[in-house]
Amino acid sequence: DAKTTQPPSMDCAEGRAANLPCNHSTISGNEYVYWYRQIHSQGPQYIIHGLKNNETNEMASLIITEDRKSSTLILPHATLRDTAVYYCIVRVEANSKLTFGKGITLSVRP
Amino acid sequence: KAGVTQTPRYLIKTRGQQVTLSCSPISGHRSVSWYQQTPGQGLQFLFEYFSETQRNKGNFPGRFSGRQFSNSRSEMNVSTLELGDSALYLCASSYRDRGHNLKFNYGYTFGSGTRLTVV
């Protein structure tokens, strides 16, 4: 699976949009981009995934660049409960394991 | 729908002992994966079981083993515990069809983990 690069941390104000970047410059054509988050002392939680097109669900939006070498997870209205470590993962469907990097720690301030 | 259930939640063991952790996946999910999380190494894949067969294995010593039962519940065992085995052990379940194809809409659902402390 391709390697991802994320900044170690970022913060944003409550109620504002949080834009979390991820670089995956070596991504292959059949690799999907997944985002998970882990709130302290809990298991990771699936947020969203995509291949080429932008995706949106009730939790977030995923914007993938046209060359697919980077993506951005957008939490449109961050709340204090969104404070967590966010992991960007790329993987092929056939590979059953998730390879987690260090992730990005998002701190939402009041 | 009940989530992924891991038991016990916390465990303290002595070096040299063995331990068995349990994971009950979401009803209908046949795939169970195990991960180890430590402050130094982060989240690392241990193994995956599907239909009672190990499908994938990470880079862990043979002291780490697992199995899956016909009802999809899974156990992992660590023998001859070492201090470095202290970690949060997470289980994830996913829905795969008979051909082991992942149904994306479900992603992977993780349990809350078992916190193992080896003293």
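Reading the values: rules and limits
Residues numbered from 1 in each chain as written. Chains lettered and ligands numbered in written order. Predicted model: local features only at pLDDT ≥ 70, side-chain atom pairs only at ≥ 80, totals over all residues. Heavy atoms only, no water. Pairing = 2+ DSSP bridges. Helix = DSSP H or I, 4+ residues; strand = E, 2+ residues; numbered from the N terminus. Axes fitted to C-alpha atoms, helices over the stretch in contact; angles between N-to-C directions. Core = buried A, V, L, I, M, F, W, Y, C linked by side-chain atoms within 4.5 Å. Buried < 20%, exposed > 50% of the residue type's maximum accessible area, 1.4 Å probe, protein only. Contact = heavy atoms within 4.5 Å. Buried area = accessible area lost by both parts, 1.4 Å probe. Salt bridge = Lys/Arg side-chain N within 4 Å of Asp/Glu carboxyl O. Polar contact = N/O pair within 3.5 Å; in protein donor to acceptor, adjacent residues only side chain to side chain. Nonpolar A, V, L, I, M, F, W, Y, C, P; charged D, E, K, R; others polar.

### A word on the sheet that holds strand β1 (residues 5–7) of chain B
Residue and element names in this part refer to chain B.
Part 1: Within the open sheet, the 4 strands sit side by side as β1-β3-β8-β7. Their pairing is antiparallel. Each edge of the open sheet carries a strand with a single partner, namely β1 and β7 (64–68). Between one strand axis and the next, the sheet turns by 20° as a mean value, whatever way the strands run.
Part 2: Where β7 lies against strand β8 (residues 74–78), 5 bridges are found, and the strand directions are antiparallel. The residue bridging Q68 from the neighbouring strand is S74, located in β8.

### Re the sheet that holds strand β6 (residues 61–64) of chain A
All names here are of chain A.
Part 1: Judged by pairing direction, the sheet is antiparallel, and its 4 strands sit side by side in the order β2-β7-β6-β5 without closing on themselves. Unpaired on one side and paired on the other, β2 (18–23) and β5 (55–56) mark the two borders of the sheet.
Part 2: Across 2 bridges, the pairing between β5 and β6 is antiparallel. Within β6, the position partnered with T56 by the bridge is S61.

### A word on the nonpolar core
Soluble globular proteins: nonpolar side chains tend toward being buried together.
Part 1: Counting residues in each nonpolar core, the largest one holds 22 residues, and the members touching the most others are L20, W35, L73, Y86 and L106 of chain A.
Part 2: Elements with a contribution of two residues or more to this core: β2, β3 (31–38), β4 (45–50), β6, β7 (70–75), β8 (84–92) and β9 (104–109) of chain A.
Part 3: When residues of this core are assigned to their parent elements, the largest contribution, 4 residues, is made by β8 of chain A.
Part 4: Setting aside its immediate chain neighbours within four residues, L73 of chain A contacts A18, N19, L20, W35, I47, I48, A60, S61 and Y86 of chain A.
Part 5: Membership of the second largest hydrophobic core comes to 21 residues, among which are Y49, F64, V78 and L81 of chain B.

### Describing the interface of chain B and chain A
Part 1: At the interface, 20 residues of chain B touch 17 residues of chain A.
Part 2: For the chain B and chain A pair, buried surface summed over both sides reaches about 1,600 Å², with 53% attributable to carbon and sulfur atoms.
Part 3: Remark: the boundary between chain B and chain A carries 0 salt bridges.
Part 4: The interface formed by chain B and chain A contains 5 residue pairs in polar contact (both at pLDDT 80 or more).
Part 5: Every element with two or more residues in the side of chain B that touches chain A is listed here: β4 (31–38), β5 (42–50) and β9 (87–94) of chain B.
Part 6: For the side of chain B that touches chain A, the per-class residue count stands at 9 nonpolar, 8 polar and 3 charged.

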